Every structure is written in C-alpha cells, then in structure tokens.
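Residues per chain are reported as follows:
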Amino acid sequence: MSIFRFNAVEKASNRKAVEASTPDQKVSEYFGENVFNQKTMQKYLSKETFKALTQSIDNGTPIDREIANHVAAGMKMWALEKGVTHYTHWFQPLTDGTAEKHDAFVEHDGNGGMIEEFSGKLLVQQEPDASSFPNGGLRNTFEARGYSAWDPSSPAFIVDDTLCIPTVFIAYTGEALDYKTPLIRSIEALNNAATEVCRYFSDDVNKVFAYLGWEQEYFLIDEDLYSARPDLSLTERTLLGHESAKNQQLDDHYFGAIPSRVQEFMKDLEVECYKLGIPVKTRHNEVAPNQFEFAPIYEECNLANDHNQLLMSVMKRVARRHNFRVLLHEKPFKGVNGSGKHCNWSMGTNTGINLFSPGKDREDNLRFITFIVNTITAVYKYNALLKASIASATNAHRLGANEAPPAIISTFLGTQISEILDRFENSSIEDAIEVDDKKRLHLGFGQIPELLLDNTDRNRTSPFAFTGNRFEFRALGSSANCGSAMLALNSAVAYQLRQFKSDVESLRAEGKSKEAAIFEVLKNYIKESKPIRFDGNGYSEAWKEEAFRRGLDCENSVPLQYDAYLKPDVIRMFEETGVLSRKELEARNEVKWEIYIKKVQIEARVLGDLSLNHIIPVVIRYQTILLENVTRLKDVFSAEEYETVSAEPRRLIRKISAHIAAVTTKVDEMVEARKKANRITDMREKAIAYHDTVAPYLDDIRDHIDDLELMVDNQSWPLPKYRELLFIR
Ligand code: ADP
Ligand code: MG
C-alpha cells in the first residue's frame, strides 16, 4: 500500500511545469471571442433583431418568438463557423455547480440527409428531463416536468464544441428549481426599491444595478497525490492527516513567488477566461501553502455569478492539463486556512453613480448615508438569514468550527463612517441636513472624505465589511454558488429600502417636510441597527459572548441555521419582494437539509473505510513487528535487563493498542448512529441527527488516527502525509 504513496510522492516531486499556450495577440484582441456578445451580435444579427433584443434585455421584457428565431439563426451561424456541433441549456441547480445536457445541432432534412438546425423554440425553452435534480418535493419525479428557459441578460458562450445558453430552471408550476431565477428576481426587486429611494435625491435615476466582484480562493494539489488519497478524491477534503511540522506559521506563502507549475496553470486559465469574457484581473498566492486566489473586475450581479460558476468548471478542466486537481472545498486541510469566496457587492445607478461611494461632492453625501444605513439595517434584521444563505456542511469547517471564525454576522464600517453615523444620531436636523436653493438635500456636516480606498482601515475579521465604495461579504464558502447569498442580500436590502420609503412617506403624510422625515427615519434606523456594528476582532472569544448579549444569531448547527429561511418575517420579506414564495422556501430547505445529510454521510462512509481497511491493518502489522521485537529482546537479555530495554516498545504497543480499540469501536458506533439517523423520515430531523450524532465521530476518529500517524513507521504509512501534499515544487 505505501508503495502507492511513495510512487505518487516521487511522481509529484519530479513533475515539470507544463508550458501554457498563450495566444500571440493582446488580451484586448481576443477577449470575449467565445462569447455571443454585443460585438458578435451586431455582426450576426440584423439591426432590427439586435435592437429588439437589447431593448428586451435592458427592460427585462419578454422576447417574441420571431425575434428568438432570428437570434437563434444568428447564434447558430456564429457557432458553426467556430466549429461547434452541439448546444446546451446551461443552468444552476440547487446542488452547487452547473448542469448541462448536450444536443447535436443535426436534424433530419426530410430527404434522407441531415441539416444543422437550431430554432428560436430550442433557444428559448427546453425540457431537460432533469428529474433527478434536487427539488425538495416540488416536482414529482415521475412527472419530471421542469424546464429551462433562456436568460438573454447573460450572453451565450462556447466551451469546446458546445454552444452554452445560460438559462433559468423552473418547475412547470412556476417554482424556481435553481439559483438563477430568484437571483434575477432579487436584482429586479432591488432595482425597483433603490430607484425609488434615489428619487428623493435626484429625479434622473431610472435604474439601479447590483454589482458583484467575487474573489475565488482554491487549493491545488498534484493529481497523483490526489489519487492516492481516497478522502480527497471522494470528499474533496482530507478526513485524516496530522499537521505538517511546517505549514503557514512563517507567512511565507502569502503573496510569495508563484511556483512555476502553478504559474503556467494560471496563465492558461486566464487565457480561457478572457476568451469566455471573464475579466479576471488578479492572481496570487493565498495564506495557506498550495492556496491561491483569482479575482475579476466586478460586473452586474447575475453575469458575475454566471462567470464565477463558469470559472469553477473551467478551472477544473485547465488544472488537468497541468496535472493538478483543484480543490474548491472550504477546508481541505486541517490546521491551515480554509478557502472562502469574498463577494464585493455594491449598487450603482444608470447615471453612473456608485451608491456606496461617498463622492467628492456634497450633493452625494446624504444619499450615501441613506444607502449605508439602510444596508446595515437590513443586515441587522436579517443577520440570521444571511448566515443561513452561506451555511453548508463544507463551509461549517470554516465558520464556527474550532479553528475558524465564529458563525456570527456583523458589519464593520470603519472609524470614519461610524463617527458620522454617531454624529448624525446626536444632531438636530438643522445640523444634520442642509437644503440648498435648488431644494437638494445634503449632509450638514461637510464632506465625507474619500476614505478607506487606501486600505488603511480594513478589518479582515469582519464577515460584512465596508471597504470604501462597496461591502465585502466574506462569509461565503469557496465552493458556493454566490447566488444563494446575493439573492438573500439583494432581497433584504430591497425590502428595507421599501420600508424606508414607506416610513418617510407616513411622516410626510403627517405634514412633515421631506428632509425632516428622512432625518427622523435615518436616526431611528441608526439607533435600531447598532447591535450589528462591530469594529473589533471578530475572531475573539469575547466577541462570541458580546454578540450573544446583543441578540445576534449565534447558532452553530448548520441544519438549525437553515431554519432562518422559514421564520415568518423572512417569508414575508421574500414574498413581498416577489423573490421566493413560502412553498419555494420550504422546498429549498428540504434540499439544503438533504445535501447536508449526504455530505456527512459520504464522509462517514469514506472515513469508516479508510480506518478499517487502510489504516488499522497497517497499524496492526506495525504492532506485530513491535511484539516480535519484544519477544526477541526476551530471548537475548536477562530478565532484569529485559525489563529496561523492552520498556519503550511495550509502552508503544499499549498506546497503539488503545488507539486501535478506540478507532474500531468508534467506527462501529458511527455506523450505528448513521443507521439510526437513516430511519428518520423528516429531512430536518434527520439532518439534525447527522449533525449531532454522526458528524462528531469524524473528528473523534481522526484524532486517534492522527496520533497513530506519529507512532507508526513512516515507511508503512499508506496515505500521503500533509508535508507531502502541501508544498508544490
Ligand atoms: P481585496 O483582496 O483587497 O479584498 P481584491 O482586489 O482581491 O481586493 O478584490 C476586490 C474585488 O472587489 C474585485 O473583484 C473588484 O472588482 C471588486 N470591486 C471593486 N469595486 C467594486 C464595486 N464598486 N462593487 C463591487 N465590486 C467591486
Ligand atoms: Mg477581499
């Protein structure tokens, strides 16, 4: 067995960098060449079709069949010219990851031959017969009546020989079965609510966009080492493995020189991304060994999320060319940092204003304060929901576990913004708001400096930090679909902005002036939302206690965190914003609980197998060697001497025997716990049982095996060790 390990280690350490194939052209010349973007559309569509399509996209109005036919014909012509043979509706089911079912363009031509066919009907709607995607009981599987529908706001693209059409995935009864549908609905809700609030400050705003800039962290591992670790291959995380003597203590990986194998991988990946129109911008090493990050320039939220989904699959493919595997799991290795996916989120108007940018000019500052205050108020009211939106079995190893930041949502604003809010709260209206001759409203106490952008005042421990012109939601896991968190955030802020407008309007109806009404409402919100503001160390023990006292959600169990989706105020919020219905929320929670169960179940099975069939046999063999050693010592030494010279091997045998007994007993108990949990039919109860009674064995068994790793002869240990896995040369 250990031969497998040493072969893998040898192969991995002798591996040479595979040179990236970079085009001769400049990036600007080939950027988006595999995307049916504006430029390509103008070439392949008639003027009228192009105009009708862009209008529908801008206004979110339906596209009629005739236009769809024209678009499909143009797309087909473009795709065929690029050697494409198949097309697929590309969608984002609730499993995380994307789904596609490829169909060839060919159809019978009616004369015994074949023609390439792609009509508007095929572009617009398909029934992928995706009956085995999780749906929480919304669709009866025997009916299998879910369909995918074209999302024209995200352009089609080519991967390999396939034209991919971004689509939503919906049940025939209208319920969303994916992330994209509610994400689009939430973007629309935010647009409507934010536009109305903008009008208090200027009348030229008629659309507000949500923007997203994600930062994708990931680990790379050599493919031979990956194959030699069944736990990595099957669960994407190491279920065993003692920490390496050296890992990240010296901080020598972060922003260090990128190893050449990785450098070539990154170059290849960037080229692929550029061709697909993904504007990747930064690449660097992350804190942990073998950990890296990719980040693009931010884009409109729906498109940015599609690009992140696409990146995750392209990464995996490109990595293979370089004999790597990508690990998107949040915590592949114990004892070193996990991987997140920071989501930088902001709102901007059609007039080009970033609503979170304090701006150089006085005109913007009261509007800025209004959007900041409403956002933190929404985060305060829905902190449990936002946490649920990023909760998963895998992300739980990053949040709320032993070596991780706590699973508590708070916001960091920095001293400057905090001071302004404090001052606002304690001022009179005369001091706080100025009205100019043109009746425009300004913040009374001067200008807000262009702040934070210089990075001086950053708190990296905050899960939701204001970073100068955007908020950075840092609690997302690296494997997540950003849609889950973004749709919760967009909806909560949309609902809060509606509340703001209605509060202001009720005061005006009582006869108060616009500025007095805005002043009073903001002041109340600043008071109300105070518990969510925390500028201290979010990783400290003291914060856990403090957060609990403040009434923030401190639930650590993932299955119970999901309950936040079904609280009456959350259901009301989602229903009134039109983003998700109660039925959808209930169904989606069933899916979440089920995925949680399956993840833990698979890990438990893999660990059981590794323990009993890989580790224990090796340990027993080593124990036998020690026993033989002891017997021989007896033959050679006098009884008295024997006592001394055999003391150490005998002590070791005892320790090893105790661990063997513990591992085997605990594996048995874990199997029993699983059987018991499997008899529960209610999904929520079952997930709770897996969390409370099965998952703890994973850590417990691991501890014993990790101790054994330090006792057993290195030559016979069957699995690559952390020091072998973690340092790419
Ligand atoms: P850091 O690691 O310091 O947080 P990065 O440069 O890695 O910063 O990532 C910043 C991300 O934030 C990028 O994706 C960037 O495009 C995005 N971003 C910058 N400004 C905005 C904005 N106004 N709205 C949304 N995202 C933004
Ligand atoms: Mg960041």
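Conventions and cut-offs
Residues numbered from 1 in each chain as written. Chains lettered and ligands numbered in written order. Predicted model: local features only at pLDDT ≥ 70, side-chain atom pairs only at ≥ 80, totals over all residues. UniProt positions renumbered as here; feature names shortened; annotations may be inferred. Axes fitted to C-alpha atoms, helices over the stretch in contact; angles between N-to-C directions. Helix = DSSP H or I, 4+ residues; strand = E, 2+ residues; numbered from the N terminus. Parallel < 35°, antiparallel > 145°, perpendicular 65-115°, else oblique. Left-handed = near helix turned anticlockwise from the far one by under 90°. Near = placed C-beta within 6 Å. Nonpolar A, V, L, I, M, F, W, Y, C, P; charged D, E, K, R; others polar. Domains from an automatic or database assignment. Expected span 1.5 Å × (residues − 1). Contact = placed C-beta atoms within 7 Å. Buried ≥ 20, exposed ≤ 12 C-beta atoms within 10 Å, placed from the backbone. Pairing = 2+ DSSP bridges.

- Taking an unreviewed UniProt entry as the reference, the chain is identified by name as Glutamine synthetase III belonging to Parabacteroides absconsus.
- Recorded in UniProt under Sequence similarities (unreviewed entry), the annotation for the chain is "Belongs to the glutamine synthetase family."

1. Examining the packing of helix α21 (residues 582-636) against helix α24 (residues 683-709)
Consideration 1: Across the interface, α21 lies against α24 with an axial gap of 9 Å and an inter-helix angle of 25°. Judged by the inter-axis angle, α21 sits roughly parallel to α24. The way α21 lies across α24 gives a crossing that is left-handed.

2. Side note on the site of ligand 1
Consideration 1: Not every one of the 16 residues close to ligand 1 is listed here, only the nearest: Gly 213, Tyr 298, Asn 344, Ser 346 and Arg 470.
Consideration 2: Per element, the largest residue contribution to the shell around ligand 1 is four residues, and it comes from strand β15 (residues 341-349).
Consideration 3: Of the residues assigned to the shell around ligand 1, the class counts are six nonpolar, seven polar and three charged.
Consideration 4: Each of domain 1 (1-20 + 218-349) and domain 3 (179-207 + 353-580) contributes no fewer than three residues to the shell around ligand 1.

3. Section: helix α1 (residues 2-14)
Consideration 1: With 13 residues, α1 should cover 18 Å at 1.5 Å per step; its first-to-last C-alpha distance of 18 Å lies within 8% of that length.
Consideration 2: Tucked into the core, α1 has its buried residues touching β10 (208-222) and α8 (223-227).

4. Regarding helix α5 (residues 65-81)
Consideration 1: In this model, α5 (17 residues) spans 24 Å end to end at C-alpha, consistent with the 24 Å of a helix rising 1.5 Å per residue.
Consideration 2: Within α5 the residues assigned to the buried category are Ile 67, Ala 68, His 70, Val 71, Ala 72, Gly 74, Met 75, Lys 76 and Ala 79.
Consideration 3: Summarising the contacts, the buried residues of α5 are in contact with α3 (38-44), α4 (47-59), β5 (114-116), α6 (120-124), β8 (157-159) and β9 (162-171).
Consideration 4: Following α5 by one or two positions, Gly 83 adopts a phi angle in the positive range, close to 80°.

5. A few points about the pairing of β10
Consideration 1: Of all 15 residues in β10, 13 are buried, a share of seventy percent or more.
Consideration 2: Relative to β15, β10 runs antiparallel, the two being bridged by nine bridges. Bridge pairing links Val 208 to Thr 349 in β15.
Consideration 3: Across two bridges, β10 lies against strand β13 (residues 299-300) in antiparallel orientation. When the bridges of β13 are listed, Leu 212 appears paired with Glu 299.
Consideration 4: When β10 meets strand β12 (residues 291-296), the two strands line up antiparallel, connected through four bridges. Pairing of Gln 216 across the sheet is with Phe 294, part of β12.
Consideration 5: Looking at chain direction, β10 and strand β14 (residues 324-327) are connected through four bridges and run antiparallel.

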